[in-house]
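Structural description and commentary
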Amino acid sequence: MKVAKFGGSSVASAEQLKKVARIIKDDSERRVIVVSAPGKRSAEDIKVTDLLINLGEAYRLGNPHQKELNAVLTRFESIIKDLNLSNQVLTEIQDDVTKIFADGGAIEFKLEAIKAIGEDSLAKLLSEYLLTLGLNARYLNPKDAGLILSDQPGSAQILDESFEQLYKLRESKEIAVIPGFFGYTKKGKLVTFSRGGSDITGSIVAAGVEAELYENFTDVDSVYCVNPNIVDQPKEITSLTYKEMRELSYAGFSVFHAEALIPAFKAKIPVCIKNTNNPNALGTIIVSEKEVRGNPVVGIASDKGFMSLYVSKYLMNREIGFGRRLLNILEDEGISYEHTPSGIDDLSVILRADQMTEEKEQIVINRIEHELSPDLVYTERGLALVMIVGEEMHCHIGTAARATRAFEEANVNIEMINQGSSEVSLMFGIKEDGVERAVQALYHAFFEINTI
Ligand code: ASP
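Residues numbered from 1 in each chain as written. Predicted model: local features only at pLDDT ≥ 70, side-chain atom pairs only at ≥ 80, totals over all residues. Heavy atoms only, no water.

Once that is clear, we can look at the environment of E291. Checked against the element boundaries, E291 lands in the loop between β12 (284–287) and β13 (299–312). Along the backbone, E291 and G197 are 94 residues apart, and their C-alpha atoms lie at a distance of 31 Å. (Helix = DSSP H or I, 4+ residues; strand = E, 2+ residues; numbered from the N terminus.)

Turning our attention to empty space enclosed by the protein. For the structure on display, the rule yields 1 cavity of 30 Å³ or more. The calculated volume of the largest cavity comes to roughly 30 Å³. Put simply, the parts of the chain that give the lining of the largest cavity at least two residues each are α4 (88–102) and α6 (117–132). Considering only residue class, the lining of the largest cavity consists of 3 nonpolar, 1 polar and 4 charged. (1 Å grid on protein atoms, 1.4 Å probe; cavity = no way out; pocket = protein on both sides within 12 Å on 5 of 7 lines; lining within 4 Å. Points joined across faces, edges and corners; volume = space filled by probe spheres on them. Nonpolar A, V, L, I, M, F, W, Y, C, P; charged D, E, K, R; others polar.)

It is worth spelling out helix α14 (residues 399–409) at this point. Taken residue by residue, α14 has T399, R402, A403, A406 and F407 as its buried positions. Burial along α14 is one-sided: seen end-on, the buried residues are contained in an arc of 140 degrees. For α14, the exposed residues set more than 90 degrees away from the buried face come down to E408 and E409. Buried residues along α14 sit in contact with β16 (376–389), β18 (425–431) and α15 (435–448). (Buried < 20%, exposed > 50% of the residue type's maximum accessible area, 1.4 Å probe, protein only. Arc of directions from axis to C-beta. Contact = heavy atoms within 4.5 Å.)

A sheet is described by the order of its strands in space; here 8 strands give the open sequence β3-β4-β2-β1-β7-β11-β12-β10, paired in mixed fashion. Here the strands that pair on one side only, and so sit at the sheet edges, are β3 (137–139) and β10 (239–241). Mean inter-strand twist for the sheet, computed between neighbouring axes without regard to direction, equals 20 degrees. Pairing geometry for strand β2 (residues 30–35) and strand β4 (residues 175–179), over 4 bridges, is parallel. (Pairing = 2+ DSSP bridges. Axes fitted to C-alpha atoms, helices over the stretch in contact; angles between N-to-C directions.)

Counting residues in each nonpolar core, the largest one holds 78 residues, and the members touching the most others are V3, L169, V205, I300, I388 and L442. The leading source of residues in this core is α15, at 9 residues. Sequence-distant contacts of L169, defined by excluding residues within four places in its chain, comprise M1, V32, L140, A176, I178, V205 and V209. Counting 44 residues, the second largest nonpolar core, distinct from the first, contains I24, I100, A113 and A137. (Core = buried A, V, L, I, M, F, W, Y, C linked by side-chain atoms within 4.5 Å.)

Spatially, the 6 strands line up as an open sheet ordered β14-β15-β13-β16-β18-β17, and their pairing is antiparallel. Two strands lie at the open edges of the sheet, namely β14 (337–339) and β17 (416–419), each paired on one side alone. Put simply, the sheet's adjacent strands are angled 40 degrees from each other on average, direction ignored. Sitting on the sheet, helix α10 (residues 242–250) touches β13, β14, β15 (346–352), β16 and β18, and the angle it makes with β16 is about 135 degrees. Sitting on the sheet, helix α13 (residues 358–372) is in contact with β13 and β16, with an inclination near 115 degrees to β16.

With respect to the helices and strands, the residue E392 is situated in the loop between β16 and α14. Apart from residues lying up to four places away in sequence, E392 is in contact with E291, V292, R293, G294, N295 and P296.

Looking now at the state of the cysteines. Summed over all chains, the structure comprises 0 disulfides. Summary of cysteine pairing: C272 is not part of a disulfide, and the nearest cysteine sulfur, belonging to C225, is at 17 Å. No disulfide involves C395; its sulfur sits 19 Å from that of C225, the nearest cysteine. (Disulfide = S-S within 2.5 Å.)

Looking now at the packing of helix α3 (residues 66–82) against α6. At their nearest, the axes of α3 and α6 sit 12 Å apart, and the two run at 10 degrees to each other. If you check the angle between α3 and α6, you find them roughly parallel. Across the interface between the two elements, F76, I79 and I80 from α3 touch G118, S121, L122 and L125 from α6. For the contact of α3 with α6, a count of residues per class yields 5 nonpolar, 2 polar and no charged. (Parallel < 35°, antiparallel > 145°, perpendicular 65-115°, else oblique.)

As a further point, take the pattern of salt bridges. By the definition in use, this model includes 25 salt bridges. Among the ionic pairs, D45 bridges to R75, the shortest N-O distance being 3.4 Å. Residue D45 is located in the loop between β2 and α2 (48–60), and its partner R75 is located in helix α3; the two are separated by 30 residues in the primary sequence. When sorted by exposure, D45 lands in the same class as R75, which is buried. For R367, the salt bridge identified is with E333, shortest N-O distance 3.1 Å. (Salt bridge = Lys/Arg side-chain N within 4 Å of Asp/Glu carboxyl O.)

Any functional reading would require information beyond the geometric quantities listed.
Here is the structure:
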């Protein structure tokens, strides 16, 4: 049994939904389908979820909101018309909106319910369309499927008890079409995952039914080994491990919602990323263990927007608790850190810069000066992280040498090197303006020459 999840671009229009139906029809193992809300049809288009957020926002501000509601209805109307479906879903959207706004209760739960209308309506439409094609499909609400989530609007987490109920889906004779992105709390309140969370639903359902495969349909043939906006037509990755995918998505690979890997990873369900527009392409498969392939590096990732906090104090290595007290200050100020490369008398803390406002930075520096009496403390903004990733790195000699040579050839200064303890990645901190050059040089070193 396979679970297939179709993302926003795969369900953006009637034309796309026809492709989706063909894919479902082509393989009788595809018995559970999870869908996103309609996404963008072109670069200028607006995702239905964003239209719904606008609708909720207008309501929250006490403004008229008919225009925002019409924008949502129009998107679904065009799908309905082109697929010759009934107008039932349009009536349901209007009724739902009226009911959600009229009900008592906290505003944040109302906004959650509004946000979920995109997925919910699309799942209803797709199941109706599959029925017209002679497929035995039915819409299945996440509550009936058994998706019980924590009480955290906008960032809900799955509760373990969901899995037992989900397993029963295996017995279903019909093709179940489940809206992604949301579930219900124990008290029956609708809550959503974080944005892009239909991937999470798909992965949870795949784990719940113990699927042989979780297919994640999107609009690319496969995952590329490097960002195609930096390297022209890079090589495709045919297979990689969960660990490698996690490392890559940490630093800029945005193919897949990182959190979505957890349920599939725990249940060891293979995940295949495929293209709705070219379903015959093999795609990229993510597995728990992979056979030896020879190249120590499977992918190169990069991400901008980091900063470092540098602290130096003579004899720091002998001062017990120095690191803890420094990190405590960050914790007190609500700042999460990414890495802490250190020397004998100095320590750098690498952070995502967007959480450190100028004001907060001043507070942190003052506290460090006052509480830790360092010789020197300063911050540096405009940093980027570049990572090379591959599980086979641990058994290849000279990988770091090849990488540093590439930085040299690109004329990029390395400010920090960090090899994760598991030896799955090697991370370099550099100035943001060198990222493109560095990534291109690394690609050349690991994928164009000398690949063994
Ligand atoms: N529709 C939701 C969003 O845009 C969830 C998803 O598409 O996965 O974030």
